[in-house]
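Results of the structural survey
Here is how the chains run, residue by residue.
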Amino acid sequence: MQYYGDLSGDESDENSASSHSETELDEPEPFRIVLHADVDCFYGQCEMLRLKLPPDRPLAIQQKHIIVTSNYAARRLGVGKLESVDTALSKCPSLLLVNGSDLHEYRKHSQQIYASFRQSVLVKMTNSSVSKGSMDEMMAEWFQSPRKDHERNDFDDDSDIYIYDPSMTTRFKEDQSGVETVVRHANPQSNQSPTTKELKMQQQLLRAARVASDIRETVLEETGFTVTIGISTTLQNAKLASSLRKPATVNVLLPMHAPALVSALPLRQI
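Residues numbered from 1 in each chain as written. Predicted model: local features only at pLDDT ≥ 70, side-chain atom pairs only at ≥ 80, totals over all residues. Heavy atoms only, no water.

**Some words on the packing of helix α2 (residues 42-51) against helix α5 (residues 104-124)**
Contact pair α2 / α5: the axes reach a minimum separation of 10 Å and the direction vectors enclose 100 degrees. It follows from the interaxial angle that α2 and α5 lie roughly perpendicular. In contact with F42, Y43, C46 and E47 of α2, α5 contributes Y106, H109, S110 and I113. Broken down by class, the residue content of the contact of α2 with α5 amounts to five nonpolar, two polar and one charged. (Axes fitted to C-alpha atoms, helices over the stretch in contact; angles between N-to-C directions. Helix = DSSP H or I, 4+ residues; strand = E, 2+ residues; numbered from the N terminus. Parallel < 35°, antiparallel > 145°, perpendicular 65-115°, else oblique. Contact = heavy atoms within 4.5 Å. Nonpolar A, V, L, I, M, F, W, Y, C, P; charged D, E, K, R; others polar.)

Next comes the structure, spelled out in structure tokens:
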């Protein structure tokens, strides 16, 4: 994948990204790095773990006569959020329905996941702060440059790490309405070479992706839950990144790519 600013360009081009010396990029100053962790299909995972169900078993959580969420197996069969139970069963007769009116067990799982996430962040990310949003959301801020042992420009071997590429078509699906938005950029490649600051920022975000991948694995091992983590330099961009690809991924949104992406989204989704 081509990232923003190719670090291996032609050395003879004084305006190219490669004209920045290795020394300039060797010890980058710390930037604000934000992680937004979203538990994948949280209620669904709670019930699948409780009932020891295989991942291909369609399951939905109902409150009264409404589907409040469904697992990925059910979503692939067309079961959507906030539709009636009758409609969901007409789409998927084998759908397993679980009453989700009692949130007590969900809150317990939420606390366990947050405790695992928080401890892992504080151990792996010096000078970080961690906070909790809703039951299935957690955030972390980091002002420390990631260690160089997490640095590598080639992420092809990291199947769970995705770096947003503006040259590719991106699809967003609204959680409630199910409306899908397709984002395409007519001219995704900028003619302007990235600055040294932008290259340093990219370098640190890619290093942070490796740390976030370790955190994601730790949460899975300790709690049994998969999470998707978005990484950027603001909470809004990190939250947007966490919805780029799901489930069980680490998604990086470089800040220079965010404005065009946000401008292409419907107002309701923003």
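**Overview of the pattern of salt bridges**
For side chains of opposite charge, pairing can occur when their charged atoms come near one another. Inspection of every chain in the model, using the stated rule, returns nine salt bridges. A salt bridge links K246 to D38; the shortest N-O distance between them is 2.6 Å. One end of the pair, K246, is in the loop between α7 (235-241) and β11 (250-252); the other, D38, is in strand β1 (residues 33-39), and 208 residues separate them in sequence. Close ionic contact of K108 with E105 constitutes a salt bridge, the shortest N to O distance being 3.8 Å. With a gap of three residues between them, K108 and E105 both fall in helix α5, about one helical turn apart. For K108, a relative accessible area of 36% translates into the label partly exposed. Beyond isolated ion pairs, a larger network of salt bridges with shared partners links D38, D40 and K246. (Salt bridge = Lys/Arg side-chain N within 4 Å of Asp/Glu carboxyl O. Buried < 20%, exposed > 50% of the residue type's maximum accessible area, 1.4 Å probe, protein only.)

**Quick look at the nonpolar core**
With 41 residues, the main nonpolar core has L35, F42, F117, I215, I229 and I231 as its most contacted residues. It is helix α6 (residues 196-223) that contributes the most residues to this core, nine residues altogether. By size, the runner-up hydrophobic cluster in this structure holds eleven residues, among which are Y164, L240, A241 and L244. (Core = buried A, V, L, I, M, F, W, Y, C linked by side-chain atoms within 4.5 Å.)

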